[in-house]
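Coordinate analysis (summary)
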Amino acid sequence: MASPQQPQVYQTKPEYSSSVLVRGTPDYERCRRMNPSSATPDRYPQEIHVPRTPQDIAAALRKAASLGVHVGIRSSGHVFGLGALVQDGIMIDTVNLNRGVEYDPATQEITFGPSVRVEEVAGKLKEIKRFFPHGHAPTVGAGGFLLAGGQGWFVRGWGATAQSWITKMEIVVPDGRVLMASRTVNQDLFWAARGSGLGFFGVVTRFWGRTIPASRLWERSFTFVVGDRYEQLMTWALTKGDETPKYGTDLNMTIYYPDKYDPLCTGDAVPEDKTLHMSLSLQCYADTQAQARVLLSAYDGEMPPAVRDALIEMKPVTETSFQRIFRTKRGFIGLGGDQRWSILSILSDPGTPLPRLLEKCKPALTELPTRTSVVFICTCDIVPDEQDSAVSIPQQYYISTITQWTDPGLEPGIYQPMRDRYKATLPVAAGTYVADYDVTNDDANGRVMSDSALARFLEIRQKWDPKGLFPNYKRFIETHEKIRRMESKARL
Ligand SMILES: Cc1cc2nc3c(=O)[nH]c(=O)nc-3n(C[C@H](O)[C@H](O)[C@H](O)COP(=O)(O)OP(=O)(O)OC[C@H]3O[C@@H](n4cnc5c(N)ncnc54)[C@H](O)[C@@H]3O)c2cc1C
């Protein structure tokens, strides 16, 4: 058995000796710890089920109900709080469920299971010359991504992937029935499954998504030294993003210590000079380079002097591919080994003036706790449509800090300072992207839905899961109450 101290490489297609793994056996522990972050919490389900069919899942749910325990689901483990590891309950790992992507030329839809990874979807799309907005990092599973809504490629114009691209889902509901859900069948399930993330009360076993013809992917980039120009750089970059057409563009910013990418640097300690770099990675989807240049042209022209002086590299618009981008990201996150991760984020409140947003977020974005930690900001521009799905919080800027470390001795102290920094950003947040919601600690959590969407969600949940097999909705209620208290206090 791998001891907790022994790093384990993260595999996206692991094989286990049995479809029901029992606590105390080597494969149980290997499966429990098969997460992209090696900081697997000390929580132990009594059994881990690795089903191959919806019927296997129904059996797992019936067993949990008969034992009176909770159920957790993992599709690829990218939510680092790992709420799926329900103490003494049953964890369902969907790794072997409908593991493949199929395309139906008649409907132009793809269908795939929840553990299918971004790189697997992208591989199939390349083969059939079609596009569907999967996620950005190669190892992320479809299940958690689409239940959260999904900030997929070119989200700015096309909305969250689950809002506008998913047409139906197959779901095993708590009483064991295997049902279809769409805009015309079991509409309430379909509504709730798109945006409730880890609060959802069923197991999604298959997704159907529409596709469009493929085009070409282009990228241009800028790198700056942050120094004392945080406000000027951020203002320029975010304003230029707002001036960029929404359709077909993907605007991402990272802030990091350059030592992060230096192969000669090791250890977790931040560099002595604490110099931070900020990079803009701007992508677009267009048939020709001339069109791509137009789409990303808001960044042309004269920069304000403070921004120009901070510029250290600028790369012109060149063609790239999803596969090339995955290769660079693969080394960045998601390999297990000795890498340990934590993510905190907010969705900015679009009503907050930019200077106030930047001021409130500054500690979270400039006080990185380790050499390899990184800030990731994406201009999302998701407009919620609460009638259609539980994606009900506006997502203007997604602002996150990913803490990375290798020394387990830094735990648990490593977590709290960044929680405190994100807690301080809550007054300028519309909420938290449910994919980053922490079921283990509420300090930095914001609303995951609007209050009215949560009320509707709770009604639907009560109908389908009256015995509360899936427990995370309780945390949502606590968080919403906390935020309401904070808001009333601020009004006094
Ligand atoms: C490196 C990295 C890159 C990312 N990139 C993006 C991105 O580009 N866009 C984006 O939107 N998000 C992104 N995310 C966030 C990501 O979408 C979420 O972490 C998502 O939840 C991951 O899906 P998962 O299946 O691995 O979730 P898991 O951690 O396996 O599961 C999370 C929760 O989702 C629920 N769940 C999972 N599968 C099912 C299922 N089949 N049925 C019912 N409930 C289920 C469970 O409650 C579970 O606790 C990224 C995260 C990381 C770490």
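The model shown is predicted, which means the values in this text are computed figures rather than measured ones. (Residues numbered from 1 in each chain as written. Predicted model: local features only at pLDDT ≥ 70, side-chain atom pairs only at ≥ 80, totals over all residues. Heavy atoms only, no water.)

**Examining the sheet that holds strand β11 (residues 203-210)**
For clarity, the cut-off: The criterion for strand pairing is that DSSP finds at least two bridges linking the strands in question. The way it works is that DSSP assigns letters per residue, a run of H or I at least four long becomes a helix, a run of E at least two long becomes a strand, and they are numbered from the N terminus. The axes used here are C-alpha line fits, helices contributing only the stretch in contact, and every angle between their N-to-C directions lies in the interval 0 to 180 degrees. The criterion used for residue contact is that any of the two residues' heavy atoms lie within 4.5 Å.
Judged by pairing direction, the sheet is antiparallel, and its five strands sit side by side in the order β6-β7-β11-β9-β10 without closing on themselves. Each edge of the sheet is formed by a strand with only one pairing partner; in this case those strands are β6 (101-104) and β10 (178-182). Direction aside, the axes of adjacent strands within the sheet are offset by 20° on average. As paired strands, β6 and strand β7 (residues 109-112) are joined by four bridges and run antiparallel to one another. If you follow Y103 over to β7, its bridge partner there is I110. Lying on the sheet, helix α2 (residues 54-67) is in contact with β9 (166-172), β10 and β11; it crosses β9 at an angle near 50°.

**Thoughts on the domain arrangement of the protein**
So the rule is basically this: Domain start and end points were adopted from an automatic or database domain assignment. Two parts placed together each lose some accessible area under a 1.4 Å probe, and adding up what both lose gives the buried area.
Per the domain assignment, the segments making up the protein are domain 1 (16-94), domain 2 (101-213), domain 3 (216-436) and domain 4 (451-491). When each unit is reduced to the centre of its C-alpha atoms, the spacing between domain 3 and domain 4 is 30 Å. Taken together, the contact pairs five residues of domain 3 with seven residues of domain 4. Between domain 3 and domain 4, roughly 460 Å² of surface is buried when both sides are summed, and carbon and sulfur atoms account for 62% of that area.

**Description of the pairing of strand β20 (residues 395-405)**
Keep this limit in mind: To sort residues, take the accessible area from a 1.4 Å probe on protein chains only and compare it with the maximum for the residue type: under 20% means buried, over 50% means exposed, and anything in between is partly exposed.
The buried fraction of β20 amounts to 11 of the 11 residues, a majority that puts the element mostly inside the structure. Pairing of strand β18 (residues 340-348) with β20 involves eight bridges; the strand directions are antiparallel. If you follow W341 over to β20, its bridge partner there is Q404.

**With respect to the packing of helix α14 (residues 451-464) against helix α15 (residues 473-491)**
The line we're drawing: The cut-offs work like this: below 35 degrees is roughly parallel, past 145 is roughly antiparallel, 65 to 115 is roughly perpendicular, and the gaps in between are oblique. Left-handed is the label given to a crossing in which the near helix is rotated counterclockwise from the far helix by less than a right angle, and right-handed is the label when the rotation is clockwise.
Direction vectors running N to C along α14 and α15 enclose 155°, while the axes themselves pass 11 Å from each other. Our classification of the angle between α14 and α15 gives roughly antiparallel. Judged by the twist between their axes, the crossing of α14 over α15 is left-handed. Counting all contacts with α14, which are made through D451, L454, F457, L458 and R461, the residues of α15 involved are Y473, F476, I477, H480 and R484.

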